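For reference, the chains in residue letters:
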Amino acid sequence: MTKILLVEDDELFRLGLRMRLQQETTLEIVAEAEDGEQAVELANRYPLDLVLLDIGLPGIGGIEACRQIKQKHPNLPILVLTSRSEKPLISRLIAAGAQGYCLKGILAESLILAVRSVAAGASWWDQTATTEIRAAFEGNSTVVLPAKTEESLENPLTKREQEILALVATGKSNQEIAEVLYIAPGTVRVHVHTILQKLEVRDRTQAAVLAIQKGLVAPELLIN
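Everything numeric here is computed off the predicted structure, so don't read it as measured data.

A.B. asks: Explanation requested: the overall build of the chain in the structure shown.
C.D. replies: Check the secondary structure of the chain and you find 11 helices and six strands. Sorting the 224 residues of the chain into buried and exposed places 48% on the buried side. Across the chain, the fraction of contacts at a sequence separation of at least 24, relative to all contacts at a separation of at least 6, is 67%.

A.B. asks: Sorry, what's going on with the packing of aromatic side chains here?
C.D. replies: Any pair of aromatic rings gets described here by the distance separating the centres and the angle formed by the planes. For the structure shown, the criterion picks out zero aromatic pairs. Between the NZ or CZ atom of Lys104 and the centre of the ring of Phe13, over which it lies, the distance is 4.7 Å.

A.B. asks: Would you take a moment to explain the sheet that holds strand 4 (residues 78-82) for this structure?
C.D. replies: Strand pairing in a sheet is mediated by backbone hydrogen bonds. Such pairs are either parallel or antiparallel. As summarised here, the arrangement of the six strands in space is 2-1-3-4-5-6, forming an open sheet in which the pairing is parallel. Whereas interior strands pair on both sides, the edge strands pair on one side only; in this sheet they are strand 2 (27-33) and strand 6 (124-125). In the sheet, strand 3 (residues 50-54) pairs with strand 4 via four bridges, with the strands oriented parallel. For Leu52, the partnering residue across the bridge sits in strand 4 and is Leu79. This element, helix 1 (residues 11-21), spans strand 1 (2-7), strand 2, strand 3 and strand 4 of the sheet and lies at about 160° to strand 2. Sheet strands in contact with helix 5 (residues 108-119) are strand 1, strand 2, strand 3, strand 4, strand 5 (100-103) and strand 6, and its direction is about 155° off that of strand 4.

A.B. asks: What exactly am I supposed to notice about the packing of helix 9 (residues 174-181) against helix 10 (residues 185-199) here?
C.D. replies: The geometry of a pair of packed helices is captured by two quantities: the angle between their axes and the separation between those axes. Where helix 9 meets helix 10, the closest approach of the two axes is 8 Å, and the angle between their N-to-C directions is 110°. By the angle class used here, helix 9 and helix 10 are roughly perpendicular. Along its contact with helix 9, which presents Asn174, Gln175, Ile177 and Ala178, the element helix 10 presents Pro185, Val188, Arg189 and Val192. Taken together, the residues of the contact of helix 9 with helix 10 sort by class into five nonpolar, two polar and one charged.

A.B. asks: Before we go on, may I ask you to explain the side chain of Lys70 in this structure?
C.D. replies: The residue Lys70 is located in helix 3 (residues 62-72) in this model. It is Asp203 that comes nearest to the buried, bridge-free Lys70 among opposite-charge side chains, at 5.6 Å. At a separation of 2.9 Å, a polar atom in the side chain of Lys70 contacts the main-chain carbonyl oxygen of Pro74. Excluding anything up to four places from it in sequence, Lys70 contacts Leu76, Ile78, Ala96, Gly97 and Gln99.

A.B. asks: In this structure, what is going on with the UniProt feature "modified residue: 4-aspartylphosphate" (unreviewed entry) in the chain? I would like to understand it.
C.D. replies: The UniProt record marks Asp54 with the feature "modified residue: 4-aspartylphosphate" (unreviewed entry), using the residue numbering of this structure. Along the polypeptide, Asp54 turns up in strand 3. Non-local contacts of Asp54, meaning those with residues more than four positions away in its chain, are made with Val7, Glu8, Asp9, Gly62, Leu81, Thr82 and Lys104.

A.B. asks: So what exactly am I meant to see when it comes to the layout of surface pockets here?
C.D. replies: Using a probe with the size of a water molecule, rolled over the atoms, empty space left in the structure can be pinpointed. Taken as a whole, the largest pocket spans an internal volume of roughly 350 Å³. Lining the largest pocket we find 17 residues, and of these Pro74, Asn75, Gln99, Asp203 and Arg204 sit closest to its centre. Counted by class, the lining of the largest pocket contains seven nonpolar, six polar and four charged residues.

A.B. asks: Please explain the packing of helix 2 (residues 36-45) against helix 3 as it appears in this structure.
C.D. replies: Direction vectors running N to C along helix 2 and helix 3 enclose 15°, while the axes themselves pass 9 Å from each other. As summarised for this structure, helix 2 and helix 3 are arranged roughly parallel, according to the angle between their axes. As helix 2 packs across helix 3, the resulting crossing turns out to be right-handed. Within the contact between the two elements, helix 2 uses Gly36, Ala39, Val40, Ala43 and Asn44 and helix 3 uses Ala65, Gln68, Ile69 and Lys72. Looking at the contact of helix 2 with helix 3 residue by residue, the class counts come to five nonpolar, three polar and one charged.

A.B. asks: How should I be thinking about helix 3 in this particular structure?
C.D. replies: Spacing of three or four residues puts side chains on the same side of an α-helix, whose turn is 3.6 residues. What helix 3 keeps buried is the set Gly62, Ile63, Ala65, Cys66, Ile69 and Lys70. Buried residues of helix 3 fall within an arc of 160° about the axis and therefore sit on the same side. Looking at helix 3, the residues exposed on the side facing more than 90 degrees away from the buried face are Gln71 and Lys72.

A.B. asks: Help me understand the pairing of strand 5, please; the structure alone is not making it clear to me.
C.D. replies: Residues in a regular strand point their side chains to alternate faces of the sheet. Because side chains alternate across strand 5, one face comprises the buried residues Gly100 and Cys102, and the other comprises Tyr101 and Leu103, equally buried. Two strands pair when backbone bridges link them, and strand 4 and strand 5 are joined in this way by four bridges, in the parallel orientation. Looking at strand 5, one finds that Val80 is bridged to Tyr101. Relative to strand 6, strand 5 is paired through two bridges, and the arrangement is parallel.

Thresholds applied
- Residues numbered from 1 in each chain as written.
- Predicted model: local features only at pLDDT ≥ 70, side-chain atom pairs only at ≥ 80, totals over all residues.
- Heavy atoms only, no water.
- Helix = DSSP H or I, 4+ residues; strand = E, 2+ residues; numbered from the N terminus.
- Buried < 20%, exposed > 50% of the residue type's maximum accessible area, 1.4 Å probe, protein only.
- Contact = heavy atoms within 4.5 Å.
- Phe/Tyr/Trp six-rings, centres within 6.5 Å; stacked < 30°, edge-to-face > 60°.
- Lys NZ or Arg CZ within 6 Å of the ring centre and 35° of its normal.
- Pairing = 2+ DSSP bridges.
- Axes fitted to C-alpha atoms, helices over the stretch in contact; angles between N-to-C directions.
- Parallel < 35°, antiparallel > 145°, perpendicular 65-115°, else oblique.
- Nonpolar A, V, L, I, M, F, W, Y, C, P; charged D, E, K, R; others polar.
- Lys, Arg positive; Asp, Glu negative; His and termini not counted.
- Salt bridge = Lys/Arg side-chain N within 4 Å of Asp/Glu carboxyl O.
- Polar contact = N/O pair within 3.5 Å; in protein donor to acceptor, adjacent residues only side chain to side chain.
- UniProt positions renumbered as here; feature names shortened; annotations may be inferred.
- 1 Å grid on protein atoms, 1.4 Å probe; cavity = no way out; pocket = protein on both sides within 12 Å on 5 of 7 lines; lining within 4 Å.
- Points joined across faces, edges and corners; volume = space filled by probe spheres on them.
- Left-handed = near helix turned anticlockwise from the far one by under 90°.
- Arc of directions from axis to C-beta.

Below, the structure is given as structure tokens:
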């Protein structure tokens, strides 16, 4: 059972989300918040597998709530749901530690897939957001990465690691990557761990960002 904290200030929209998510037998809404402060408080109170977070919140706002939650719970996945898709916003979300981003107009089935993927450890970026991310990295990017990764570097990854990193960057879980490449999920986990060590990044999201920013994988591999 995936335990979810649902954070949304629009009561009717939150009700609709709760009803749809609870139709899935493997998803459980364990708490709901209406503002950023309450989201941080509830994230500290409940054992969670995922935070589904609107960023247009009253109080400290969604991005700051995301940052504070990740500070105390670095391994807790956060999936952002919003109506905005500007490049600076996406960069701030990545810097705050969000693992995923969906626009509010997303199909219900796609949202369920995004929730499950992010809860399983994958990153998930809305198609519009992914386009913005790639466009941002072709020019000047404000995404904050560890200091060593900001330096130019030669590609340290093997061909197989590049293939896996490309699939990570498109939001696929370990299980999905294993199915695409016809290898065991355990093998994927080992490769992902090696990739994170080689790139000296802390998580899959930073690895995906670096893959795009530094051109560590062929562009054709990044097509969803």
